[in-house]
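Structure at a glance
One letter stands for each residue in the lines below.
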Amino acid sequence: MPLIELRHLTKTFKGKTQTVEALRDINLCIDQGDIYGIIGMSGAGKSTLVRCINYLERPTSGNVIIDGKDLSTLTPKALRQLRQQVSMIFQHFNLLQQRDVRGNIAFAMEIAGAKRADIDKRIDELLELVGLTERQHNYPSQLSGGQQQRVAIARALATNPKIILCDEATSALDPTTTTSILNLLREINQKLGITIVIITHEMSVVESICTHVAIIDNGSLAEHGTVESVFSQPKSKAAKKLIFRKTGADGGIIGDRMIRIVFEGNASSEPVIASLVLECHVSVNIMYADTRDVGGKAFGQMILQLPEDKLQQEKIIYYLQSKGLRVEEVDGDAH
């Protein structure tokens with residue numbers, strides 16, 4: 001049974017002059033132990049989705065089922081109790097400025113009515129986990145952005161949740177700090193078995209940490225699956241747009257036939273393009289190439305602009321496929 005299940009989830013906001021359907025018929029399952037990325041362009045509906053998961057926003061229709069419990073059937077008291085198992089981390093940390101690090105971490109436990117001795121013991125454990133023992137008496141204004149986010153993560157862990165929801169948790173951080181925070185979240189997932197849902201607009205975040213990904217486009221679920229499968233074989237226009245946007249394949253090359261080839265594992269070390277030119281006597285224009293780590297496996301990709309001659313185009317594609325490479329078209333809609 002999935003830990004989180006969304007069934008036909010819809011959320012509509014009604015204003016005086018117009019109605020906005022922020023989410024339309026979302027169906028999604030997230031298993032225990034997943035690091036699940038939910039990605040989309042700005043305004044796609046992903047932040048509304050994460051707020052519906054913990055019922056900060058009540059869906060207009062459909063069901064949210066967490067650990068076998070349908071949230072729509074819970075009493076207010078039962079919902080509050082369940083929310084202790086679903087913690088949230090925000091983009092701008094949301095720390096209490098008048099409390100030091102220990103005080104911020106303690107806050108959720110105090111609300112839950114924990115004993116002072118238990119609170120202090122738990123704070124000590126969490127400070128060590130997030131690497132802030134030496135900063136425990138500092139106030140948020142005395143901390144860097146990365147340190148503040150570590151406090152927020154410790155606070156989220158204080159009630160021993162089963163799920164952590166991260167709403168653009170690294171968007172306000174520089175790349176180096178982002179990497180350290182993602183590494184910390186991965187460590188928490190591996191050590192504690194906590195399921196993590198990451199809302200982001202950055203494909204690099206999904207690639208570096210997530211096991212699975214759902215792509216939200218204009219309020220609808222465009223595509224979902226393992227990160228590896230979606231990256232290597234994107235099917236929807238929304239997925240291609242997110243993946244190809246990172247490659248920089250845009251602008252002046254729309255209209256020319258282009259293909260994307262994906263290398264898996266050691267294949268990226270073979271001089272395939274050089275061999276193609278020598279053996280087939282054709283030329284291609286390499287518009288973009290990169291390698292990256294997706295789910296712990298090495299992947300490479302290239303965007304190739306093909307010659308105008310259609311026979312040569314098919315010759316190139318056949319050659320690349322014969323080498324075991326995945327080849328797909330890049331059309332104007334992917335930019």
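Further up the page is the structure itself.
Please read these numbers as outputs of a predicted model, since none were measured by experiment.

Okay, the pattern of salt bridges next. Evaluation of the coordinates by the stated rule reveals 15 salt bridges. Where Glu125 meets Arg122, a salt bridge forms, and the shortest distance between an N and an O atom there is 3.3 Å. Placement of the pair is Glu125 and Arg122 together in helix α4 (residues 116–130), with a separation of three residues, close to one helical turn. A relative accessible area of 17% places Arg122 in the buried class.

The next thing to look at is unusual backbone geometry. Unlike most non-glycine residues, His8 shows phi in positive territory, near 50°. In this structure, His8 sits in strand β1 (residues 4–14). Unlike most non-glycine residues, Asp67 shows phi in positive territory, near 50°. Topologically, Asp67 is positioned in the loop between β4 (61–66) and β5 (69–70). Taking relative accessible area as the criterion, Asp67 reaches 35% and is therefore assigned partly exposed.

Positionally, Gln313 belongs in helix α11 (residues 310–322). Linking Gln313 and Ser283, residues 30 residues apart in sequence, is a C-alpha distance of 9.9 Å. Here Gln313 is in contact with Arg257, Leu306, Pro307 and Glu308, once residues within four sequence places are set aside. A polar contact of 2.8 Å, which involves the side chain of Gln313, links it to the backbone oxygen of Pro307.

Let's shift gears to the nonpolar core. In terms of nonpolar packing, the biggest core is built from 52 residues, with Ile89, Ile105, Ile153 and Leu185 touching the most fellow members. Among the elements that make up this core, the one with the highest residue count is helix α5 (residues 145–157) (six residues). Beyond its immediate chain neighbours, meaning those up to four positions away, Ile89 contacts Gln149, Ala152, Ile153, Ala156, Ile164, Leu165, Cys166, Asp167, Ala169 and Leu185.

Procedures and definitions
- Residues numbered from 1 in each chain as written.
- Predicted model: local features only at pLDDT ≥ 70, side-chain atom pairs only at ≥ 80, totals over all residues.
- Heavy atoms only, no water.
- Salt bridge = Lys/Arg side-chain N within 4 Å of Asp/Glu carboxyl O.
- Helix = DSSP H or I, 4+ residues; strand = E, 2+ residues; numbered from the N terminus.
- Buried < 20%, exposed > 50% of the residue type's maximum accessible area, 1.4 Å probe, protein only.
- Contact = heavy atoms within 4.5 Å.
- Polar contact = N/O pair within 3.5 Å; in protein donor to acceptor, adjacent residues only side chain to side chain.
- Core = buried A, V, L, I, M, F, W, Y, C linked by side-chain atoms within 4.5 Å.

Just distances and angles here, no functional claims.
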